[in-house]
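For reference, the chains in residue letters:
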Amino acid sequence: MRIEKTYRKLEDTEEVNIYDVKESELFQYVPQEFEIPYTPFDKTLDNLSNDLDIFVPVNDGEDFIVHRLGLGALVRGHIKQTDVAGRLLSKTSPGFYKILKEPFKEVYETHKTKKMRFYYHFHEKLARFSNVKIIYDMDKIILISDHRDNRETSLHVSDEEYDEKANLIEYFSQTGSYYKIKDRYSWTQGIYNIINRGREENDEYFNIVFDLVIPEDKPLLEKMLRELDSGRSNYESIIRIRTDDGVLKYIEINLYSKFDENGLLLSRYGLIKDVSTDSSRKMTRPVDFLLKGFKNNKKLALLIEPLNVKQYEFSQGFYYLIEISPEEYHHSRAVVQNIVEEDVINNLIRLMDGQINELEETFTYNVNGDENNQKMAELYIERFEFGSETHSIGFLTDVTEERTKQLALMEANEHQKVLIKEVHHRVKNNLQVLNSFLNLEKRAYKNKPNIIIDHMQSRLSSLAILHEKTYNTTDFKNINLKEYIEDQDSQLRGLIGLRDGIEFESEVDEDLVLTIEVITPLLLVIDELTMNAIKHAFPDKTMPNKKIIKKIYKIDNENAQLILQDNGVGIDDPDRITKNLGCEIIKNLTKQLDGHIELFQHENGTGYKLTFPITMEHTIEG
């Protein structure tokens, strides 16, 4: 459901346009919550020409209990009074509640009557409109609705009336229709075929057919409109128009007007048919405009009457596929002989012979019979009866490129299976590394379990990030480091940053890509350096503005550098700190990285500089 609202200042009326919804869809069953007292004159109210709906405000006008609905609303919603009475409007009809809440509350608070107008649109046509008054009386909100159906359509119109095949026939019959309500026009595609142009943005505000009437026929047109405005319900005539591209056409017009009981014009409806005798000129046939829309499409072809060897019309995409110009092509059953699949050929022949009415196939086509120049195509053709004639329409799509990509994807999937095995193998190795770290730290920090927990949480988080991202990749040789570091920082903030008041900042070269062999120990080195900084740089937990900063960038095409520094208290005895367990782990990981690490002190804190190669030998081929 789509809703558009407009305020008409001169009429002091709010207009609400409701698109593509049946009123039965606006109501839903919910249990009754409130007792509703008997309404006097119930039978009288049901026999009013207008609907009278009553609502009781609750929660200071934030919601409304349905006291009763008018008979028209019940019929259109396919509901009974007992299905809605005693329910909150917000529950039994969220759609109407959304539309009516603000105007209801305004009337409830001001006690002033409010006017509204509702337009219900279905299949892009106006089905019904209602003039509505909202009144506050006897501590209730009363809604009085004057419903009027558009004679040409309704909210309950069946889908068959809008059958796509009937729309297709409009292209062949050179017939279109329009309707006009409240100075707005709606035009069917057939009208655009008649006037030789496509849809334009402001067509709903102008009579795009009558504006083309030649000067000699304008007096006749004016007479027709005067009589229709004066109360005549129907007028038929033939007038001439000249299209924007200069084509003179004779059109047969059947116009109908609908009036209310006071003689006010409600709507106008017109049937227009091109009855020109000269239809051979270029761009005078509706099918030309249909095909023109496919003119530059090399992948998709529209096939008009593909089963008729004399009156067929194909868009340019068909000729791109078979690589024959329209001038050289002769339509016959011979075209199917270049199809590779025998079953497709047999099904096409069955369709041509009328044994089946629909065909949907994917096939290989040898262009000009050349097996070395093959294309893949999808074909859909449907034949159908309209009146006493058989018609057909189809679509042909060149899917050569897509099928090539699909085959490549299938090969990639096989490679992915190998990669997944490798990922699981690495997970197993990483868990073994974590187990070794845990055993070492259990001996070193046996009286400090919190340190062990922090370290393991950080390592597990980093390896979890690595596992998650590498599981979804197909390329273990070119992994962008930046997003890994950003996720690692996010994990550290959640685990330690919020608890200890430490900020983590990173600056990573956007173009730095690493192999899986490099990124795994690198993330673990960063973890160990970070844990070292947390443990030694900030002994005072109340110290403000604590930061750990990382910078990772390329030195050249073969090497990169990590600088990790803190703004903590610094190191009094570098020799002692470089001999603790954390530093031993860092040295071993650096060796695994085939890198070089050094400690440095700066004006405010401690830092490490790690130089490492960007690539290492990969273990997976392809």
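Shown above is the structure to which this text applies.
Note that the structure is predicted; figures quoted are calculated from it, not measured.

> Quick question: what am I supposed to make of a nonpolar patch on the surface here?
The grouping of Ile238, Leu248, Tyr250 and Val275 at the surface amounts to a nonpolar patch, some 310 Å² of accessible area in total. The partly exposed category is assigned to leucine 248, whose relative accessible area is 34%.

> Honestly, the environment of aspartate 594 in this entry has me stumped. Any pointers?
The residue aspartate 594 is located in the loop between α17 (581-593) and β23 (596-602) in this model. For aspartate 594, a relative accessible area of 58% translates into the label exposed. Along the chain, aspartate 594 and threonine 611 lie 17 residues apart, while their C-alpha atoms are 9.0 Å from each other.

> Hey, could you run me through the pairing of strand β9 (residues 184-187) in this one?
Two faces, one strand: in a regular strand the side chains alternate between the faces of the sheet. Two elements, strand β8 (residues 175-181) and β9, share four bridges in a ladder whose sense is antiparallel. Pairing of lysine 180 across the sheet is with tyrosine 185, part of β9. Between β8 and β9, which pair antiparallel one after the other, the connecting turn spans two residues, and lysine 182 there sits at a positive phi close to 55 degrees.

> Even after reading the chapter, I still don't get the sheet that holds strand β12 (residues 265-274), so can you show me in this structure?
Strand pairing within a sheet occurs via backbone hydrogen bonds; the two strands may be parallel or antiparallel. The five strands are arranged β9-β8-β12-β11-β10 in an open sheet whose pairing can be described as antiparallel. This sheet does not close on itself; its edge strands, each paired only once, are β9 and β10 (234-242). The average angle at which neighbouring strand axes cross in this sheet is 25 degrees, direction not considered. Summarising the sheet, strand β11 (residues 248-259) and β12 pair through nine bridges and their orientation is antiparallel. Bridge assignment links tyrosine 256 to a residue of β12, and that residue is tyrosine 269. Seen against the sheet, helix α8 (residues 218-229) touches β10, β11 and β12 and runs at an angle of roughly 150 degrees to β10.

> Can you walk me through the environment of aspartate 51 in this structure?
Within the secondary structure, aspartate 51 is located in strand β3 (residues 51-58). Note on aspartate 51: relative accessible area 6%, which makes it buried. Expressed as a C-alpha distance, the spacing of aspartate 51 and serine 145, which sit 94 residues apart in the sequence, is 5.1 Å.

> I'm lost on the nonpolar core in this one. Help?
Soluble globular proteins: nonpolar side chains tend toward being buried together. Leu481, Leu514, Leu522, Ile552, Leu562 and Phe612 are the most contacted members of the largest nonpolar core, which has 39 residues in total. Elements represented by at least two residues in this core include exactly α14 (481-500), β19 (502-508), α15 (516-537), β21 (546-554), β22 (559-566), α17 and β24 (605-613). Examining the composition of this core, we find that 13 residues originate from one element, α15, more than from any other. Of all hydrophobic cores here, the second largest spans 28 residues; its members include Leu26, Phe96, Tyr120 and Tyr136.

> Looking at this structure, how should I read the pattern of salt bridges?
Side chains that carry opposite charge are capable of pairing whenever their charged atoms lie near each other. Scanning the entire structure with this criterion turns up 22 salt bridges. Arginine 2 is the salt-bridge partner of glutamate 4, the closest N and O atoms lying 2.4 Å from each other. Judged by relative accessible area, glutamate 4 falls into the partly exposed class, the value being 36%. Ionic pairing is found between lysine 114 and glutamate 106, a salt bridge with its closest N-O pair at 3.4 Å. Assessed through its relative accessible area of 13%, lysine 114 is described here as buried. Classification of glutamate 106 as partly exposed rests on a relative accessible area of 39%.

Reading the values: rules and limits
- Residues numbered from 1 in each chain as written.
- Predicted model: local features only at pLDDT ≥ 70, side-chain atom pairs only at ≥ 80, totals over all residues.
- Heavy atoms only, no water.
- Patch = residues over 30% accessible without salt bridge, like charges linked within 9 Å, V, L, I, M, F, W, Y side chains within 5 Å.
- Areas by Shrake-Rupley, 256 points an atom, 1.4 Å probe, with all protein chains shown as cover.
- Salt bridge = Lys/Arg side-chain N within 4 Å of Asp/Glu carboxyl O.
- Buried < 20%, exposed > 50% of the residue type's maximum accessible area, 1.4 Å probe, protein only.
- Helix = DSSP H or I, 4+ residues; strand = E, 2+ residues; numbered from the N terminus.
- Pairing = 2+ DSSP bridges.
- Axes fitted to C-alpha atoms, helices over the stretch in contact; angles between N-to-C directions.
- Contact = heavy atoms within 4.5 Å.
- Core = buried A, V, L, I, M, F, W, Y, C linked by side-chain atoms within 4.5 Å.

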